[in-house]
Amino acid sequence: MPVAMQRELLELDQFFLLGSLDVRCLRVPPLDCGYRVAAKALRRDGRKFYGLSALVDDAGTPYAMAESTWIIAGVSRTAAFGARA
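Starting afresh in each chain, residues are numbered from 1 along the sequence in its written order. Residue-level local features of this predicted model are given only where pLDDT is at least 70; pairs of side-chain atoms are given and counted only at 80 or more, and the full residue set underlies all totals for whole chains, interfaces and linings. Computation of side-chain values: all heavy atoms of the structure, hydrogens and water removed.

Draft legend 1. Seen up close, the overall build of the protein chain. Note on conventions: DSSP H or I runs of at least 4 residues are helices, E runs of at least 2 residues are strands, and numbering of each starts at the N terminus. Scanning the protein chain from terminus to terminus reveals two helices and four strands. Reading the protein chain from its N terminus to its C terminus gives the helix and strand order α-β-β-β-β-α. Note on method: radius of gyration uses C-alpha positions; expected globular size equals 2.2 Å times residues raised to 0.38. Relative to the globule expectation of 12 Å for 85 residues, the C-alpha radius of gyration of the protein chain, 15 Å, shows a markedly less compact shape. Here, residues are in contact when the closest pair of their heavy atoms is within 4.5 Å. The contacts of the protein chain with a sequence gap of at least 6 include a subset with a gap of at least 24, amounting to 57%. The Shrake-Rupley method, run with a 1.4 Å probe, gives the accessible areas here. Residue values count only the displayed protein chains as cover. Only carbon and sulfur atoms are counted for the fraction: they give 59% of the accessible area of the protein chain, which is about 6200 Å². The charge count includes Lys and Arg as positive and Asp and Glu as negative, but it does not include His or the ends of the chains. Where a charge lies is defined by one atom per residue type: Lys uses NZ, Arg uses CZ, Asp uses CG and Glu uses CD. Of note, the protein chain has its 11 positive side-chain charges centred 5 Å away from the centre of its 9 negative side-chain charges.

Draft legend 2. Just the pattern of salt bridges, in detail. Basic side-chain nitrogens of Lys or Arg form a salt bridge, by our definition, when they fall within 4 Å of a carboxyl oxygen of Asp or Glu. Considering all chains together, one arrives at one salt bridge under this definition. A salt bridge links Arg 24 to Glu 67; its shortest N-O distance comes to 3.7 Å. Linking Arg 24 in strand β1 (residues 16-25) with Glu 67 in strand β4 (residues 62-72), this pair joins segments that are 43 residues apart in sequence.

Structure representation (C-alpha cells):
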C-alpha cells in the first residue's frame, strides 16, 4: 500500500479493532542494543486491513516479525474516545 494511502488511513476518524496478530520470534534480542519497529500496511479488503511489522536493531537484523488484521468498527474514534486534545 503506498505511503500516501497509509497516511490517509491515519487521518480517518475511524476506530480500528485488532482482528488477529501472528508473531514469529526469530531470535532472542540482546539487552544492550537499540531497537525499532518497522510496519507497513499491505492491503484492504472491505473493512479489513492487513499489515506487517518487524522488530529490528540498528543494523537491520530482524528479531521478530508479525502479521496483523485490523477491522474498521462501525463507530468513529471521536465517538469512541472523545475529541482530540
